[in-house]
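# Commentary on secondary and tertiary structure
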Amino acid sequence: MQIYNYKEDILHIEEVALTKIALQYGTPVYCYSKKAFKDSYKTIENSLKKHIPEADILIAYAVKASSNIAIIKLLSDMGAGADIVSEGELFRTEKAGIQSKNIVFSGVGKTDIEIKKAIEKEICQINIESKEELANIAKIAQNLGKEAKIALRVNPDIDANTHDKIATGRKGDKFGIDIDEAIAIYKQANSMSGIKIVGVAIHIGSQIAKIEPFRRAFIKIADLVHRLKEEGIKLKNIDIGGGFGITYSSEKAIDFDELAIVIKELIAPLSCKIILEPGRFIAGNSGIVLTKLLYAKHTKHKNFLIIDAAMNDLARPSIYGAYHPILPVKKASDLQLKTYEIVGPVCETGDIFARNEQMPAPKHGDLFAIMVSGAYGASMASNYNSRPFLPEVMVDGKEHFLIRKRQSFFDMLAQEEF
Ligand SMILES: *Cc1c(COP(=O)(O)O)cnc(C)c1O
């Protein structure tokens, strides 16, 4: 079954008409498909099982992609671990039932409290991004009288040819430890009390569709693992990060079978546990923003569609210039197309969702679905312009239910004082 499909000219998610969702929960609203989450998780799992059945694998969902606790719980129930980047995400993942041993902590700027919690909970590994962080972690672990399980996140100097703002594996990016310095830092870590070396990690960027950048990074990692072995440092885990690309418009999604074959060839022979950190690949196509047309505004220069969703609800178009397809919920019978710029109501010129969208003239109140909004959508939202956080609705077959209520105005002010 297609997740998103028109039945009698009305766009549905699974078996629920989006007109029904709008009526019940109001707009704008995030709407997810449970099946889509499950299918994308299984795509990864099945490819790995098929090509490297003997490997010990941890699929650590990158929680920042879409962090609603119901979503983390759904993935946890399927066997996922978590890749987290903050104490807040640690709190969420634990509440969702993910075991500490399946949690990986990433990020360039972990605070002392975050490090302390990670050590106390004995998570799978802390991915260290600098020698300064290594020294700090050793100190905190010594004070606790414990050992911190660490991996070095190395920067393999690979240009994954993705958007400049989501490339992370080039020499000049802030992430990771220069691969040429890694051996020296591993040796240093090996002699530090409070530090237990368990692995190596990479994450070369996001929205990567080609296998080639991964292949090049894996070759470098395999070489590093061999050289470490010669130095007497044996790793347990190899964390290959996330960044697996999906289809927004016409670009190809990554082929997980192909990726699994490269993992089999280059990573599996190292006989370590293999960790993946997919975010976008699992969540991206699992959600949409359902929005309503406020005004079709016609000027001498352009036709604007002003919708009730804005950049604070879905930031990707305004931050990255990202393209999201926008579909009418009711298929129009009028075949004459006009060109529109689709914008939100926020007081920023950059509050634009699409610049050259061709569609039949819509009317006030018509509904639209902003597609492929499940990843870096709700999790990146803000209250800018004092707009409350949107509700999140999960569809499961014929069923639909709230996994987050629309934020009330009282809640929005709850932390403020006067
Ligand atoms: C953001 C991030 C991910 C997830 O990236 P996707 O492109 O969503 O798969 C994985 N690992 C790390 C370290 C990250 O920062």
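Scroll up to find the structure this text is about.
Residues numbered from 1 in each chain as written. Predicted model: local features only at pLDDT ≥ 70, side-chain atom pairs only at ≥ 80, totals over all residues. Heavy atoms only, no water.

So, on to the pairing of strand β11 (residues 195–201). Most of β11 is tucked away, with 6 of its 7 residues classed as buried. Two strands pair when backbone bridges link them, and strand β9 (residues 148–155) and β11 are joined in this way by 6 bridges, in the parallel orientation. Residue pairing across strands places I150 opposite I197, the latter belonging to β11. Pairing of β11 with strand β12 (residues 237–239), which is carried by 3 bridges, proceeds in the parallel orientation. Within β12, the position partnered with V200 by the bridge is I238. Traced from β11 through helix α8 (residues 212–230) to β12, the parallel crossover comes out right-handed. (Buried < 20%, exposed > 50% of the residue type's maximum accessible area, 1.4 Å probe, protein only. Helix = DSSP H or I, 4+ residues; strand = E, 2+ residues; numbered from the N terminus. Pairing = 2+ DSSP bridges. Right-handed = clockwise from strand over helix to strand, strands pointing away.)

As a further point, take the site of the ligand. Around the ligand sit 14 residues in total, of which K64, S206, E277, R280 and Y376 are the nearest. For the ligand, a nitrogen atom lies 3.2 Å from a polar atom in the side chain of D83. In the environment of the ligand, an oxygen atom lies 2.5 Å from a nitrogen or oxygen atom belonging to the side chain of Y376. For the shell around the ligand, the residue count by class is 3 nonpolar, 6 polar and 5 charged. (Near = heavy atom within 4 Å. Polar contact = N/O pair within 3.5 Å; in protein donor to acceptor, adjacent residues only side chain to side chain. Nonpolar A, V, L, I, M, F, W, Y, C, P; charged D, E, K, R; others polar.)

A few words now on the environment of E231. Structurally, E231 is set in the loop between α8 and β12. Counting along the chain gives 113 residues from E231 to A118, while the straight-line C-alpha distance between them is 28 Å. Sequence-distant contacts of E231, defined by excluding residues within four places in its chain, comprise I183 and K187. (Contact = heavy atoms within 4.5 Å.)

This next bit is on the nonpolar core. In this structure, L18, I21, Y186 and F218 are the most contacted members of the largest nonpolar core, which totals 130 residues. For this core, the two domains that each supply at least three residues are domain 1 (4–33 + 284–413) and domain 2 (34–283). Discounting chain neighbours no more than four positions away, the residues touching F218 are I202, I240, L259, V262, I263, L266 and I267. (Core = buried A, V, L, I, M, F, W, Y, C linked by side-chain atoms within 4.5 Å. Domains from an automatic or database assignment.)

All right, on to unusual backbone geometry then. Following T27, the chain continues into P28 via a peptide bond in cis, with omega recorded as -10°. With respect to the helices, strands and loops of the structure, P28 is situated in the loop between α1 (18–25) and β4 (29–33). The backbone phi angle of E8 is positive, close to 45°, even though this residue is not glycine. Assignment of secondary structure puts E8 in the loop between β1 (4–7) and β2 (10–13). Residue E8 is classed as exposed on the basis of its relative accessible area, which comes to 80%. Its identity as a non-glycine residue notwithstanding, E122 has a phi of 55°, on the positive side.

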